[in-house]
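Chain by chain, the residues:
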2 protein chains.
Amino acid sequence: MAQNVYDNPEFFEGYRQLPRQVHGLDGAPEWPVVRAMLPDMKGLRAVDLGCGFGWVSRWMRENGAASVLGLDLSENMIARARATTTDAAIEYRIADLDALDLPARSFEVAFSALTFHYVADFGRLVRAIGRALVPGGHLVFTIEHPVYMAAAGATWQADAAGTPVWPVSGYSREGERRTDWFAKGVLKHHRTIATTVNTLIDAGFAIARLGEFAPTPEQVAARPGLACEIERPMFLMVAARLAGRPD
Amino acid sequence: MAQNVYDNPEFFEGYRQLPRQVHGLDGAPEWPVVRAMLPDMKGLRAVDLGCGFGWVSRWMRENGAASVLGLDLSENMIARARATTTDAAIEYRIADLDALDLPARSFEVAFSALTFHYVADFGRLVRAIGRALVPGGHLVFTIEHPVYMAAAGATWQADAAGTPVWPVSGYSREGERRTDWFAKGVLKHHRTIATTVNTLIDAGFAIARLGEFAPTPEQVAARPGLACEIERPMFLMVAARLAGRPD
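Structural notes, computed from the coordinates. In this text the structure is predicted, and so the values were computed from the model without any measurement. (Residues numbered from 1 in each chain as written. Chains lettered and ligands numbered in written order. Predicted model: local features only at pLDDT ≥ 70, side-chain atom pairs only at ≥ 80, totals over all residues. Heavy atoms only, no water.)

1. Concerning the packing of aromatic side chains
All names here are of chain A. So the rule is basically this: Stacked, edge-to-face and tilted are the three classes for Phe, Tyr and Trp ring pairs, Trp counted by its six-membered ring, which pair at centre distances within 6.5 Å; planes under 30 degrees apart are stacked, over 60 edge-to-face, the rest tilted. Helix and strand definitions follow DSSP, with helices as H or I runs of at least four residues and strands as E runs of at least two, each counted in order from the N terminus. Only protein chains enter the accessibility calculation, which uses a 1.4 Å probe; a residue whose area is less than 20% of its type maximum is buried, one above 50% is exposed, and one in between is partly exposed.
Scanning all chains against the criterion turns up 34 aromatic pairs over all chains. Note on Tyr6 and Tyr118: the rings are 5.9 Å apart at their centroids and 85° apart in plane angle, and the pair reads as edge-to-face. Of this pair, Tyr6 sits in the segment before helix 1 (9-15) while Tyr118 sits in the loop between strand 4 (107-113) and helix 6 (122-132), and the two are 112 residues apart along the sequence. The exposure class assigned to Tyr6 is buried, which follows from its relative accessible area of 12%. Residue classification places Tyr118 among the buried positions, given a relative accessible area of 12%. Joined through ring pairs, the aromatic side chains of Tyr6, Phe11, Phe12, Tyr15, Phe53, Tyr118, Trp181 and Phe182 make up one cluster.

2. Things to note about the interface of chain A and chain B
Here is the rule: In this analysis, two residues are considered to be in contact whenever any of their non-hydrogen atoms come within 4.5 Å of each other. As used here, buried area is the combined drop in accessible area, with a 1.4 Å probe, of two parts when they are placed together. Salt bridges are defined as contacts in which a side-chain nitrogen from Lys or Arg sits within 4 Å of a carboxyl oxygen from Asp or Glu. Whenever two N or O atoms come within 3.5 Å, that pair is a polar contact, provided that in protein one can donate a hydrogen and the other can accept it, and provided that, for residues adjacent in sequence, both atoms are side-chain atoms. We treat two strands as partners when DSSP finds at least two bridges between them.
Taken residue by residue, the interface counts 32 residues in chain A and 32 residues in chain B. Taken together, the two surfaces of chain A and chain B that pack against each other cover about 2,500 Å², and 53% of this comes from carbon and sulfur. Across the chain A-chain B interface, the total number found is four salt bridges. Where chain A packs against chain B, one counts 22 residue pairs in polar contact (both at pLDDT 80 or more). Both strand 7 (residues 164-168) of chain A and strand 7 (residues 164-168) of chain B contribute to a ladder of three bridges, which runs antiparallel. In the sheet register, Val168 of chain A faces strand 7 of chain B, and the bridge partner there is Trp166 of chain B.

3. Quick word on helix 6 (residues 122-132) of chain B
Residue and element names in this part refer to chain B. The buried fraction of helix 6 amounts to eight of the 11 residues, a majority that puts the element mostly inside the structure. Considered for burial, the residues of helix 6 that qualify are Phe122, Gly123, Leu125, Val126, Ala128, Ile129, Gly130 and Ala132. The inward-facing, buried residues of helix 6 abut strand 1 (45-49), strand 4 (107-113), strand 5 (133-144), helix 8 (193-202), strand 10 (205-212) and strand 11 (235-242). The N-capping residue of helix 6, defined by a side-chain oxygen 3.3 Å from the backbone nitrogen of Gly123, is Asp121.

4. So, the nonpolar core
Soluble globular proteins tend to bury their nonpolar side chains together. Note the following rule: Definition used in this section: a nonpolar core is a set of buried Ala, Val, Leu, Ile, Met, Phe, Trp, Tyr and Cys residues joined via side-chain atoms within 4.5 Å.
By size, the foremost hydrophobic cluster in this structure holds 80 residues, and its most contacted members are Phe116 and Ile129 of chain A together with Phe116 and Ile129 of chain B. In this view, Ile129 of chain B contacts Leu49, Leu100, Ala110, Phe116, Leu139 and Phe205 of chain B; residues no more than four positions away in its chain are not counted.

5. Considerations on the relation of the copies chain A and chain B
Defined as follows: For this overlay, a least-squares fit was computed on C-alpha atoms, restricted to residues scoring pLDDT of at least 70 in both copies.
Overlaying chain A with chain B gives an RMSD of 0.0 Å, the required rotation being 180° about an axis along which the chain moves by 0.0 Å. Overall, the copies show the geometry of a two-fold rotation axis. No C-alpha of chain A lies nearer the rotation axis than that of Pro167 of chain A, which sits 2.3 Å from it.

6. Observations concerning the pattern of salt bridges
A side chain of one charge can pair with a side chain of the opposite charge when the charged atoms of the two come close. In this structure the tally under the stated criterion is 22 salt bridges over all chains. Ionic pairing is found between Asp202 of chain B and Arg209 of chain A, a salt bridge with its closest N-O pair at 2.8 Å. Taken together, the residues Asp202 of chain B in helix 8 and Arg209 of chain A in strand 10 (residues 205-212) connect one chain to another. What makes Asp202 of chain B exposed here is its relative accessible area of 55%. Judged by its relative accessible area of 29%, Arg209 of chain A falls in the partly exposed class. Linking Arg232 of chain B and Glu229 of chain B is a salt bridge whose minimum nitrogen-to-oxygen distance equals 2.6 Å. Residue Arg232 of chain B shares its accessibility class with Glu229 of chain B, and that shared class is buried.

7. A look at the pairing of strand 4 of chain B
All names here are of chain B. Applicable threshold: Crossover handedness is defined here as right-handed if the route from the first strand over the helix to the second strand goes clockwise, with the strands pointing away from the viewer.
When you tally the buried positions in strand 4, you get six out of seven residues, the bulk of the element. With three bridges connecting them, strand 1 and strand 4 associate as parallel partners. Bridging across to strand 4, Val47 finds its partner in Ala110. At this point the chain moves from strand 4, through helix 6, to the parallel strand 5, and the crossover so formed is right-handed.

8. Observations regarding the sheet that holds strand 6 (residues 157-158) of chain B
Strands sit in the order 6(A)-7(A)-7(B)-6(B) across an open sheet of four strands; the sheet is antiparallel. A strand with exactly one partner marks an edge of an open sheet, and here the two such strands are strand 6 (157-158) of chain A together with strand 6 of chain B.

9. Some details on the pairing of strand 8 (residues 175-179) of chain A
Residue and element names in this part refer to chain A. Inspection of the sheet shows strand 8 paired to strand 9 (residues 186-190) by five bridges, in the antiparallel sense. Of the residues in strand 9, the one forming a bridge with Gly175 is His190. The antiparallel pairing of strand 8 with strand 9 creates a hairpin that spans six residues between the two strands, and Phe182 there sits at a positive phi of about 70°.

10. Looking at the side chain of Glu144 of chain A
All names here are of chain A. In this fold, Glu144 is placed in strand 5 (residues 133-144). Here Lys188 takes part through its side chain, which lies 2.6 Å from a polar atom of the side chain of Glu144. Apart from residues lying up to four places away in sequence, Glu144 is in contact with Leu114, His117, Met149, Lys188, Met234, Phe235 and Leu236.

In short, shape yes, function no, at least from these values alone.
Listed below in structure tokens is the structure:
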């Protein structure tokens, strides 16, 4: 079972105050890029893997999805997500992505935001998603970028000119990373970009788009703290399609 | 026209003494991964873009390619490549990849080693390659990894524990990078991984495999200087296939 840090009260107290939890999708600067990777949701059945408070699940329904299944390991998250909607076409359920088991060929879209880096066996996960999608189905997800994750506990340095510099080490050493983020020893799993992409291809997906988050000048003007995110990629965004023609 | 540093005598004198130029493919530690990305060469027509001394062009013929066209901007390179073979099925020719113009649907394989990061307009280049390949044709190439290239002039640092750390900055700032490598101000063009992959997809290629070079324990034992390459990805390797069924 994946580590469930989200039900640690100390962690949750910090986490729920993040801009993206207070302001929702408007507080997630990578959202415009992610949104552009998603298909037209009209009439599609979607699963939101690691749905958290359900911001994207609700956005999908507001944009025409026929149904959304939001899954999260955290009771805190699911309780709060359920409290935000009375929409009978959104179902929130507690589930462990390390043991994901969905009905076959039941979704046109699988989505996940900043969750897959908590999953130990990425190959198992994407094969389970592949079975749950219809042929031609869409998988769109974001993870912490491997460059950001490689050196656990890394902090910004400055070069001789004072430019922020991000230290990378252990990039090719895949496996567990422990970091302190609202709680001590949060467990993540580092995989290279090549492993991430090749695992998808081996599971029958075609890569449709990659994204690496960088803030726009407008975003930096509005949130100057984002400026350093130009220097290193913080999030990796992937759009992939399952092989085969849609039914 | 691309900068032709390879015909700078000072540069060439240093360059020709690199392990990979003295020992050929055995001196290129990423070659086993690259070789595994190439198709069975038997009967295929190949173009080697930035062929240098022709190591890979000759390997392709030794492994059954019907013909190989080796292109390089440098007269030094092409003269030396020509001097290494009397094989009439290998042609070496001076050409600028910034203005690449090949006959349509004439190759089953396009290959390039550590050259595309010198090309300013990657989109133009891959569209030209796409026209030159038959449907289903293979494009396999290596470039300096964007993580390695992002901070021009970066050098290894050490963290508090003495581990080698590679400083990344300017990752999302694409464009020219000037570095001193056997000569002053060698001009390269930095692009993110996302741009590299998306440009290929937009030109009609499907991503077949990504690789990020890391030395094996055996390679580190034989060449201890390679150990640091576990810490950061130095080369990006890409295998892609042009859409469409082979004729």
